[in-house]
Amino acid sequence: MQFGIFTVGDVTPDPTTGRTPTEHERINAMVAIALKAEEVGLDVFATGEHHNPPFVPSSPTTMLGYIAARTERLLLSTSTTLITTNDPVKIAEDFAMLQHLAGGRVDLMMGRGNTAPVYPWFGQDIRQGIPLAIENYALLHRLWREEAVDWRGRFRTPLEGFTSTPRPLDGVPPFVWHGSIRSPEIAEQAAYYGDGFFANNIFWPKEHFARLIGLYRERFAHHGHGTPEQAVVGLGGQVFMRRNSQDAVREFRPYFDNAPVYGHGPTLEEFTEQTPLTVGSPQQVIDKTLTFRDTFGDYQRQLFLMDHAGLPLKTVLEQLDILGEEVVPVLRREFASDRPASVPDGPTHEARRALRDAGGAPSTAG
């Protein structure tokens, strides 16, 4: 089981002070958060990709390459790589390069994004979002696995005998998650290739995501990659903690009430009841996170969103201390208990390379 954090890289005013960090401050804060994640023993740091204000992570591979040079163990991922508006050739090259520089500590999450104006900025039509995601990933999948690719499709110029460089490290492509909050077509895509499926279940009721994950597991088995229980699943989460739950609620409420994504909507209490958001003590976070297995089955990766809504860097680093010291060790132990031996661990380059060498399929390695 892998535990980590993901960031959307928003530049949001602190509602308690009115101060908005500069883009430079926010970028450096994201790096500091990644370094802290490794320090406190987390497994994964993931960044989103956005090309519009108020977000800063327009070049995830640049940021992850810099973090790779300053870390030794941390898995580096995206919490969205825009498969719809990025050229698959460039994705293949950028992430293979990052894979070499990071010694294999790289995977990525494909997504369509949630900002409609981005599509025309990159010459695409949002009404073609699903077909773009399907066609572009089909090409990317081949680029990492075939030395010379001939390609004709609807959305880009043809390729003839094209070889993307560098080739994936050790001949093992980066592991791919397909992220979705609503589209069964993306769950099917992940299942077809035997890739991972990440359900960022932070906004909608669990019943919705249980159906998506159930579909993915069923189709994963249908396509011959293993049993439904062996499908590779990741989940999102949001937490804010203090030793005393009342203190956590009091401190976080103004951030929640004014957050761009859910402020001025449901109350904090309503949102925590209906979604994975947990605002309280470390034990409350442990208790609620453990319920995810009851709904979604054993899974491989849990990522928490902790640095959004204008929270100052000092507060986020304090949250990471609590997460790494008091929460994740308990979660590791509890999730490991009664976990069937047939359920794979979270994917790593080393494990997938070993499986390949043993004659297995690295795309579904634990």
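Residues numbered from 1 in each chain as written. Predicted model: local features only at pLDDT ≥ 70, side-chain atom pairs only at ≥ 80, totals over all residues. Heavy atoms only, no water.

Draft legend 1. Molecular detail of unusual backbone geometry. Cis geometry marks the peptide bond from Pro-53 to Pro-54, where omega comes out at 5°. Tracing the backbone through its elements, the reader meets Pro-54 in the loop between strand E2 (44–47) and helix H2 (60–70). A cis geometry characterises the amide bond from Thr-165 onward to Pro-166, with omega recorded as -5°. Tracing the backbone through its elements, the reader meets Pro-166 in the loop between strand E7 (159–162) and strand E8 (175–180). Of note, the phi angle at Asp-338 is positive, near 65°, even though the residue is not glycine. Tracing the chain through its elements places Asp-338 in the loop between helix H11 (313–336) and helix H12 (349–357). According to the relative accessible area criterion, Asp-338 is exposed, its value standing at 74%. (Helix = DSSP H or I, 4+ residues; strand = E, 2+ residues; numbered from the N terminus. Buried < 20%, exposed > 50% of the residue type's maximum accessible area, 1.4 Å probe, protein only.)

Draft legend 2. Summary view of the pattern of salt bridges. Scanning the entire structure with this criterion turns up 25 salt bridges. Among the ionic pairs, Arg-156 bridges to Asp-87, the shortest N-O distance being 3.1 Å. Taken together, the residues Arg-156 in the loop between strand E6 (149–151) and E7 and Asp-87 in the loop between strand E4 (81–82) and helix H3 (88–101) connect sequence positions 69 residues apart. One continuous salt-bridge network, built from bridges that share partners, spans Arg-242, Glu-251, Lys-314 and Glu-318. (Salt bridge = Lys/Arg side-chain N within 4 Å of Asp/Glu carboxyl O.)

Draft legend 3. Quick peek at the pairing of E2. By the alternation rule, side chains of E2 split into Val-44 and Ala-46 and Phe-45 and Thr-47, which are all buried. Relative to E2, strand E1 (residues 2–7) runs parallel, the two sharing four bridges. Residue pairing for E2: Phe-6 is matched across the bridge by Ala-46. The β-α-β motif built from E1, the intervening helix H1 (residues 23–39) and the parallel element E2 has right-handed crossover chirality. Pairing geometry for E2 and strand E3 (residues 75–78), over four bridges, is parallel. In the sheet register, Phe-45 faces E3, and the bridge partner there is Leu-76. Taking the sense of rotation as the criterion, the β-α-β connection linking E2, H2 and E3 turns out right-handed. (Pairing = 2+ DSSP bridges. Right-handed = clockwise from strand over helix to strand, strands pointing away.)

Draft legend 4. Here's a closer look at the nonpolar core. Core analysis: the biggest nonpolar cluster contains 99 residues, and Ile-5, Phe-197, Tyr-216, Phe-252 and Leu-323 have the highest contact counts within it. If you tally residues by element for this core, the top one is H11, at eight residues. (Core = buried A, V, L, I, M, F, W, Y, C linked by side-chain atoms within 4.5 Å.)

Draft legend 5. Molecular detail of H2. Taken residue by residue, H2 has Pro-60, Thr-61, Met-63, Leu-64, Ile-67 and Ala-68 as its buried positions. Down the axis, H2 shows its buried residues gathered within 160° of arc, on one side only. The exposed set on the far side of H2, more than 90 degrees from its buried face, consists of Thr-62 and Ala-69. The inward-facing, buried residues of H2 abut H1, E2, E3 and H3. (Arc of directions from axis to C-beta. Contact = heavy atoms within 4.5 Å.)

Draft legend 6. Geometry of the sheet that holds strand E10 (residues 233–235). Sheet architecture is open: nine strands sit in the order E3-E2-E1-E13-E10-E9-E8-E5-E4, paired in parallel fashion. Here the strands that pair on one side only, and so sit at the sheet edges, are E3 and E4.

Draft legend 7. Representation of the side chain of Thr-84 in the model. Within the secondary structure, Thr-84 sits in the loop between E4 and H3. A relative accessible area of 1% places Thr-84 in the buried class. In this structure Thr-84 touches Gly-111, Arg-112, Tyr-119, Gln-124, Gly-129, Leu-132, Ala-133 and Asn-136, once residues within four positions along its chain are discounted.

Draft legend 8. H11, seen in detail. Taking 1.5 Å of rise per residue, the 24 residues of H11 would be expected to cover 34 Å, and the 32 Å separating its terminal C-alpha atoms lies within 8% of that figure. The sharpest bend along H11 comes to roughly 40°, located at Val-327, with the proline Pro-329 sitting one to four residues further on. Listed in full, the buried residues belonging to H11 are Thr-315, Val-316, Gln-319, Leu-320, Ile-322, Leu-323, Gly-324, Val-327, Val-328, Leu-331 and Phe-335. Buried residues belonging to H11 abut E1, H1, strand E11 (239–241), helix H8 (245–258), helix H10 (282–296) and strand E13 (301–305). Remark: Asp-338 follows H11 within two positions and exhibits a positive phi of approximately 65°. (Expected span 1.5 Å × (residues − 1). Bend = angle between axes of the 7 residues up to and from the residue.)

Draft legend 9. A look at the environment of Glu-188. Mapped onto the elements of the fold, Glu-188 is located in helix H6 (residues 184–193). A relative accessible area of 23% means that Glu-188 is categorised as partly exposed. Taking the C-alpha atoms as reference points, Glu-188 and Leu-215, 27 residues apart in sequence, are found 7.5 Å from one another. Apart from residues no more than four positions distant in its own chain, Glu-188 is found in contact with Arg-219 and His-223.

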